[in-house]
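Breakdown of the fold
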Protein chains: 2
Amino acid sequence: MFQAINNYVARTIQLTPDELEYFNAMLEYKTVPKKTMLLQPGEICNFELYVNKGCIREYYIDSKGAEITLQFAVEDWWMSDLTSFQDQSPSIMYIETLEDCELLILSRNAKEKLLMQVPKLERMFRLMLQRHLSVVQNRLVKTISYTAMERYLEFLTRYPALPQRVAQHYIASYLGISAEFLSKLRKRHLKK
Amino acid sequence: MFQAINNYVARTIQLTPDELEYFNAMLEYKTVPKKTMLLQPGEICNFELYVNKGCIREYYIDSKGAEITLQFAVEDWWMSDLTSFQDQSPSIMYIETLEDCELLILSRNAKEKLLMQVPKLERMFRLMLQRHLSVVQNRLVKTISYTAMERYLEFLTRYPALPQRVAQHYIASYLGISAEFLSKLRKRHLKK
């Protein structure tokens, strides 16, 4: 149950067996069926999720009623609405499962206790945020300056397995294009 | 010289006088004239900057030759190209001073030593990244879904003093619009 996340930890810090046990005890293991809402607009996001198995996505509905997918998370990724988590402000995001999932949930309270007890974990969370920030900043640059085809190729590099796992319209809503246009891009890409 | 940054530290963690002294000793104080390049594409970003006084911006040139400003940093803000810093990969960014600046520079080597000696600082850097991530994610949402006027109002909230401090075309390149269009938005906003 904890093997993947313990490997994740071991890539950045060394915990004693006791510390690791405490860390694991702070995580809530949950199996969640496909298409379950984990967060909805107006709610305060009081958790960070680690995906043990499955696929989830974070999205919002813009003022024109369009769904915008901000990110996907598959095995070994974390997901949260950090703005809401940090400021304790109502979220504008939806977080939903796209497949049957096994999740490890770290609540805000548990995280605070955990970091008090095992301050070494600050480093792991810092490095996780650093990687995440780099991904989001990269996505911002691509959103501003890249063509849809360039964004699609970038998406394939970042999430190679996703096109086989999730419906195309989710990918289109991540790329900011229509499902029809994505279908054209895919055909053009396959011909190459 | 270190008063502002030490206040910054004190807002998240408590250091002993010795730890604080070590932290300050790891920072390089530098006065840099206006319009100095601190980072250019192709270079590896081996520093994080804290702005003691002045204003700097980070930008890149897109494939059509347009300047895109990613962020500004004024007093009490940090700046770096984290992707390059983290992956030790060549940057695509420019970082330049827009005013005469007093900067505190933390090199990658110094940061590593510092975090070994004073692991408490992991927490400060984690919280700094968390805020930064929230800002960038918010900017991504605004870039995808907001009108130019909404982005301008958001910009004024985030950087209230900047319109008086930097040339308008920098602000336009942050908002992703032409300087002429920004001028129209400003007039429309002032009329309200």
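In short, a report on the structure. Note that the coordinates shown come from a computational prediction; the quantities given were computed from them, not determined experimentally.

Calculation criteria
Residues numbered from 1 in each chain as written. Chains lettered and ligands numbered in written order. Predicted model: local features only at pLDDT ≥ 70, side-chain atom pairs only at ≥ 80, totals over all residues. Heavy atoms only, no water. Helix = DSSP H or I, 4+ residues; strand = E, 2+ residues; numbered from the N terminus. Rg over C-alpha atoms; globule rule 2.2 N^0.38 Å. Contact = heavy atoms within 4.5 Å. Areas by Shrake-Rupley, 256 points an atom, 1.4 Å probe, with all protein chains shown as cover. Lys, Arg positive; Asp, Glu negative; His and termini not counted. Charge placed at Lys NZ, Arg CZ, Asp CG, Glu CD. Buried < 20%, exposed > 50% of the residue type's maximum accessible area, 1.4 Å probe, protein only. Buried area = accessible area lost by both parts, 1.4 Å probe. Salt bridge = Lys/Arg side-chain N within 4 Å of Asp/Glu carboxyl O. Polar contact = N/O pair within 3.5 Å; in protein donor to acceptor, adjacent residues only side chain to side chain. Nonpolar A, V, L, I, M, F, W, Y, C, P; charged D, E, K, R; others polar. Arc of directions from axis to C-beta. Least-squares fit on C-alpha atoms with pLDDT ≥ 70 in both. Core = buried A, V, L, I, M, F, W, Y, C linked by side-chain atoms within 4.5 Å. Pairing = 2+ DSSP bridges. Axes fitted to C-alpha atoms, helices over the stretch in contact; angles between N-to-C directions.

A word on the overall build of chain A
Broken down by element type, chain A carries 9 helices and 8 strands. Taken over the C-alpha trace, chain A has a radius of gyration of 18 Å; the compact-globule value for 192 residues is 16 Å, and the two agree within 12%. Dimensions of chain A, computed from C-alpha atoms along their principal axes, come out at roughly 55 × 35 × 30 Å. In chain A, once contacts between residues fewer than 6 apart in sequence are set aside, the share between residues at least 24 apart is 70%. Accessible surface for chain A amounts to roughly 9200 Å². Of this, 54% is attributable to carbon and sulfur atoms. Side-chain charges in chain A split into 25 positive and 22 negative, and the spacing between the mean points of these groups amounts to 10 Å.

Concerning the environment of V136 of chain B
Along the chain, the position of V136 of chain B falls in helix α5 (residues 121-145). A relative accessible area of 7% means that V136 of chain B is categorised as buried. C-alpha separation for the pair V136 of chain B and I177 of chain B, spaced 41 residues apart in sequence, amounts to 18 Å. In this structure V136 of chain B touches L133, V136, Q137 and L140 of chain A, once residues within four positions along its chain are discounted.

Topic: the interface of chain B and chain A
Between chain B and chain A, the contact holds 33 residues from the first and 33 residues from the second. Of the roughly 3200 Å² buried at the junction of chain B and chain A (both faces included), carbon and sulfur atoms supply 62%. The tally of links from chain B across to chain A stands at 4 salt bridges. Run the count over chain B and chain A and you get 12 residue pairs in polar contact (both at pLDDT 80 or more). Those elements giving two or more residues to the side of chain B that touches chain A turn out to be β4 (56-61), β5 (67-73), α3 (82-87), α4 (108-117) and α5 of chain B. Each residue belonging to the side of chain B that touches chain A can be placed in one class, and the counts come to 15 nonpolar, 9 polar and 9 charged.

Concerning helix α6 (residues 148-158) of chain B
All names here are of chain B. Residues of α6 that are buried include every one of A148, M149, R151, Y152 and F155, and no others. All buried residues of α6 project into a common sector of 160 degrees when viewed along the axis, lining one side. The elements touched by buried residues of α6 are β5, α5, α7 (162-165), α8 (168-175) and α9 (179-191).

Here's the deal with the relation of the copies chain B and chain A
Taken as rigid bodies, chain B and chain A are interconverted by a rotation of 180 degrees and an axial shift of 0.0 Å, the fit giving an RMSD of 0.0 Å. Overall, the copies show the geometry of a two-fold rotation axis. The position closest to the rotation axis in chain B is occupied by the C-alpha of R126 of chain B, lying 2.2 Å away. Residue by residue, 100% of the interface of chain B is reproduced at the interface of chain A, so both copies engage with the same surface.

With respect to the nonpolar core
Ranked by internal contacts, the top residues of the largest apolar core, which has 48 residues, are L49 of chain A together with L49 of chain B. The residues contacting L49 of chain A, other than those within four sequence positions of it, are L38, I56, W77, W78, M79, I95, L103, L104 and I105 of chain A.

Some thoughts on the sheet that holds strand β8 (residues 101-107) of chain A
Strand-to-strand pairing in sheets goes through backbone hydrogen bonds, with the strands running parallel or antiparallel. All names here are of chain A. Overall, antiparallel pairing links the 4 strands, which are arranged β1-β8-β3-β6 in an open sheet. Only two strands of the sheet have a single partner each, and these edge strands are β1 (28-32) and β6 (78-79). When β1 meets β8, the two strands line up antiparallel, connected through 5 bridges. Within β8, the residue paired with E28 across the bridge is I105. Helix α4 (residues 108-117) contacts β3 (47-53) and β8 of the sheet and is inclined by roughly 65 degrees relative to β8.

Comments concerning the pattern of salt bridges
The final tally for this structure, using the stated rule, is 24 salt bridges over all chains. We note a salt bridge from E112 of chain A to R108 of chain A, for which the minimum N-O separation is 3.7 Å. Of this pair, E112 of chain A and R108 of chain A both sit in helix α4, separated by 4 residues, roughly a single helical turn. Judged by relative accessible area, which is 48%, E112 of chain A ranks as partly exposed. For R108 of chain A, a relative accessible area of 22% gives the class partly exposed. Between E122 of chain A and R126 of chain B there is a salt bridge, with the nearest N and O atoms lying 2.5 Å from each other. Note that E122 of chain A is positioned in helix α5 (residues 121-145) and R126 of chain B in helix α5, a pairing that runs across two chains. The network of salt bridges with shared partners includes K35, R57, E67 and E96 of chain A.

In short, geometric facts, not functional conclusions.
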